[in-house]
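Listed below are the residues making up each chain.
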Amino acid sequence: MTDKGSMREKTLKIERLVSYLLPAVIFSLALWTLDRQVRHLHSMYIVKSIASIPLSHIELAFFLTFLSYLALTGYDYLAVRHINHPVPYKQTARVSFISTSISYNVGFNILTGSSLRYRLYSRNGLDLRQIWEIIVFCIFTFWIGFCFVGGLLFTFYPVKLSDYAPEIPVPLNIVGILLLLFVAAYFFLSFRKWSFRRKEYQIRIPEPKTAFMQLALSSVDYLLSGSIIYFLLPSNPQLTLLHVLVFFALAQIIGLISTVPGGLGVFETLMLFMLEPYFGTIDIIRPLLIFRTIYYFVPFLFGFLALIFHEYEEREDFLKKMGKATYSSLSQLVPQIFSVFIFLGGVSLLFSGALPSNPRYLYDLTYTVPLPLIEFSRLFGSIMGVLLLLLANGLWKRIDGAYILSLAVLLMGGIFALLKDFDYFEAVALFTLFFFLLPCRKYFYRKSSLMHQSFSRKNVIAIILVLVSFVWLGFFSYRNVEYSNELWWQFGINSQASSFLRATVGTFLLLLVFGMARMLSPFSRDVRQPGEEEMELAKTIINRSQETAGNLVFTGDKYLLFDDEKQAFLMYGISGKTWVAMGDLVGTSSQAKELIWDFYEMSKLNQGRAAFYEVSEKYIPVYLDLGLTLIKIGEEAKVPLEDFTLEGSASKDFRYTVRNVEKKGYRFEIVSGEAVLGLMPELRQISDAWLEMKAGKEKRFSIGFFDEKYLINFPVALVRNESEIVAFANIWPSADNEEISVDLMRHSPNAPDRTMEYLFVKLMLWGQEKGYRSFSLGMAPLSGLENRQFAPVWHKIGALIFAHGEHFYNYKGLRDFKEKFNPVWSPRYIALPKGFKQGLVLKDIAALISGGMKGIFSKENKRAASRRGHQVPEKLPE
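Note that the structure is predicted; figures quoted are calculated from it, not measured.

1. A closer look at helix 22 (residues 652-663)
Taking 1.5 Å per residue as the helical rise, helix 22 with its twelve residues ought to reach 16 Å, and the 16 Å between its terminal C-alpha atoms agrees with that figure. All of the buried residues in helix 22 are Phe654, Thr657, Val658, Asn660 and Val661. Here the buried residues of helix 22 occupy an arc of 170° about the axis, which is enough to place them on one side. Opposite the packed face of helix 22, turned more than 90 degrees from it, sit the exposed residues Lys652 and Lys663. Next to the buried residues of helix 22 lie helix 26 (755-769). Count one or two residues on from helix 22 and you reach Gly665, which has phi positive near 95°.

Here it is in structure tokens:
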């Protein structure tokens, strides 16, 4: 079993490495091929050539791009009507534009576009199943149009592929026929009203009318985007629009398969390869660069800004609803915005180090700046660029060290930009970014090591692509310089090729040092069961805490993560890939936010996902900073003991309970220490009988379970007569007499009616006598969820289950029982990742609590759940 697990782990590591390197390798090959095609051109000649394009052609390209993205919004417009959940066109257009413009550039279109659609549509009241249908519908729409237009072009206007790639024997008309057959099959299924269902997810082929609209929209979109390149190309009687559309289809499909973000480099290389017989290289490069800018980059900027604006609106409203109006929702966006600009600043420094300097500025610079300082600035300007690429990730995660270093690097980068070639445009941009970042210190509060931050797959790929582009750009710019070993040691105002070679070595040496430092400096917090020293430290913290929930640590089934000051800790469990923190952190610490971030980083470093279960409102802003979303799961009830009394008409039911139980010869008693150990055999008999009566088994993680090592840590409340104990509950006390609570509660079949209510009443009176301020009755699941028109889908479902789910669990009965004590209610949440990962996280949490997947679906647990609530469940807080 261990060998299988080891092999599986090695396989996952290899797959992960391949997923990182494959796009970079494809991109590098595309750049190498592109370099061979354009190495005879000077970079300034390309820039001047682009500037010579008539303005009318640029305007036409923008207009066709606008029409293309307008057609793309129709995909989502049709999709929401296909699922019979109409959303106003304004909203569907915004979702479509944001998801499409970003996914086209970021790459991994299906994954990125799907995640964005889920996030944006879920705010409009759509559930996971409906969003899944929209995503599938949009994917089908794209491919139907592509297969139809591509099939017609490949079949009836075939280009001889052998003229370009003799090693590929398949004629294009065969490919075209296959594509048209796919379209025919789609419409056949449409007329047959075919659908496919797997569990709760369904794929429905739309009715013929909608299918024809799909075909029309997608075909128009393809023709519009392909026509942009045609109208930007010079005129050639041998080249028609149909030729260009065929080339465009081939280059687009291979670019999608490559998984390189936006097909960058791959698309351009293939188009250059196929258009070469008709035009000179410069005449092809020019329209391709303009197409990339107008069709991809400009919409990406607008889409990214629209996403930022949308997130700002959503989080501002949410924080106000949560009563956190004093917390500026802008703080949710500042680190991310600066992270993007810092990354772009790094790209600018690297690319300017790879490009030749303006000769006029260099000539003026020789009179004011010594040559050694110029060479030093060229080398360290590129190194500063790499540092900014790395620091951008730290800024995104609000690390204070990344903030301080970013300021220093921006300042030095701006100085180096002036010293190496008097590039005042770049210097002004970096200095401006420095002055805007300077007053934002409060947004970067994390006291964490930069060596311990995790890099996402997309982040790593982005850095690799920038570095590959930097190297290619330098070799392309200085391709006319003949290489020799002496080139490395040439210094001079015009020895820019030598400076580039040294800068390349310097940047990769920095990355090597950074990588080795990360490897030799593993995360200081290990994932292991706590030992005696850690448990003693946790006990000390719990004894100082004014909340009782930390006592769950004594069950021994959780890992512990302490803050650097050893004043607070998080307890957590691991199920599948989900790392689940149980409740708020225990204790008080000035590094509370950092502790939460450390837990999040630990999960990422171990290729997991973080979730926070049964948390209060206290750290909601931090969970939002982590990029998590919050689902309300119920409300916790706390009874103010100062006001609790058995006097008056409101308490007559409690008086009856006390009289009835005590009249039968039972009494309330508190035992602790050695007395608890002596009663353990009798308590176990009660627990076993209770479990047998409920036909269930012990739950874990979020509640206590019967274990001598666990129970011996607490006083135990008993209901007994002279001959036997009939009920018991362990008591959780807190520091400074702030609150008490109970965890494990069991009663025997011989217990009289209202035994558990009697136990609660006597515990509250005992707590009141001892000076405790409140008694926690725990959480009422699904309590307090609103079933209103614009409430989130989870709230609507939860409210319905709360009101009508008595066949599964007496949710409403539990709430009504606790309401008898006139408690103060406060909400409890799960903080978990967004998108499709939510379902996986909830499954893992359920498995963690139930002791595995079998525990979730076992018949015994279902029968037990249906019986709970007739008196009081075994663990009231759950």
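2. Section: the environment of Lys593
Relative to the assigned elements, Lys593 resides in helix 20 (residues 592-605). On the basis of relative accessibility, which here comes to 39%, the residue Lys593 falls in the partly exposed class. Measuring from C-alpha to C-alpha, the distance between Lys593 and Pro621 comes to 9.6 Å, with 28 residues separating the pair along the chain. Excluding residues that lie within four positions of it along the chain, Lys593 makes contacts with Tyr445 and Val622.

3. Regarding the side chain of Lys818
Along the polypeptide, Lys818 turns up in helix 28 (residues 811-819). At 8.4 Å, Glu636 is the nearest oppositely charged side chain to Lys818, a buried residue that forms no salt bridge. A distance of 3.0 Å separates a polar atom in the side chain of Lys818 from the backbone oxygen of Leu777.

4. So, a nonpolar patch on the surface
The grouping of Leu60, Phe63, Phe66, Leu70, Tyr77, Tyr89 and Phe231 at the surface amounts to a nonpolar patch, some 660 Å² of accessible area in total. Among the elements that take part in the nonpolar patch, helix 3 (residues 55-82) stands out by supplying five residues, more than any other. Tracing the sequence through the fold places Tyr77 in helix 3.

5. Points about the pattern of salt bridges
Evaluation of the coordinates by the stated rule reveals 20 salt bridges. Between Glu375 and Arg378 there is a salt bridge; the shortest N-O distance is 3.7 Å. With Glu375 and Arg378 both in helix 14 (residues 371-396) and three residues apart, this pair spans about one turn of that helix. Lys397 is paired through a salt bridge with Glu601; the nearest N and O atoms lie 3.3 Å apart. Linking Lys397 in the loop between helix 14 and helix 15 (400-421) with Glu601 in helix 20, this pair joins segments that are 204 residues apart in sequence. Side by side, Lys397 and Glu601 carry an identical accessibility label, which is buried. Sharing partners across several salt bridges, the network here consists of Asp653, Arg754, Glu757 and Lys820.

Reading guide: rules and limits
- Residues numbered from 1 in each chain as written.
- Predicted model: local features only at pLDDT ≥ 70, side-chain atom pairs only at ≥ 80, totals over all residues.
- Heavy atoms only, no water.
- Helix = DSSP H or I, 4+ residues; strand = E, 2+ residues; numbered from the N terminus.
- Expected span 1.5 Å × (residues − 1).
- Buried < 20%, exposed > 50% of the residue type's maximum accessible area, 1.4 Å probe, protein only.
- Arc of directions from axis to C-beta.
- Contact = heavy atoms within 4.5 Å.
- Lys, Arg positive; Asp, Glu negative; His and termini not counted.
- Salt bridge = Lys/Arg side-chain N within 4 Å of Asp/Glu carboxyl O.
- Polar contact = N/O pair within 3.5 Å; in protein donor to acceptor, adjacent residues only side chain to side chain.
- Patch = residues over 30% accessible without salt bridge, like charges linked within 9 Å, V, L, I, M, F, W, Y side chains within 5 Å.
- Areas by Shrake-Rupley, 256 points an atom, 1.4 Å probe, with all protein chains shown as cover.

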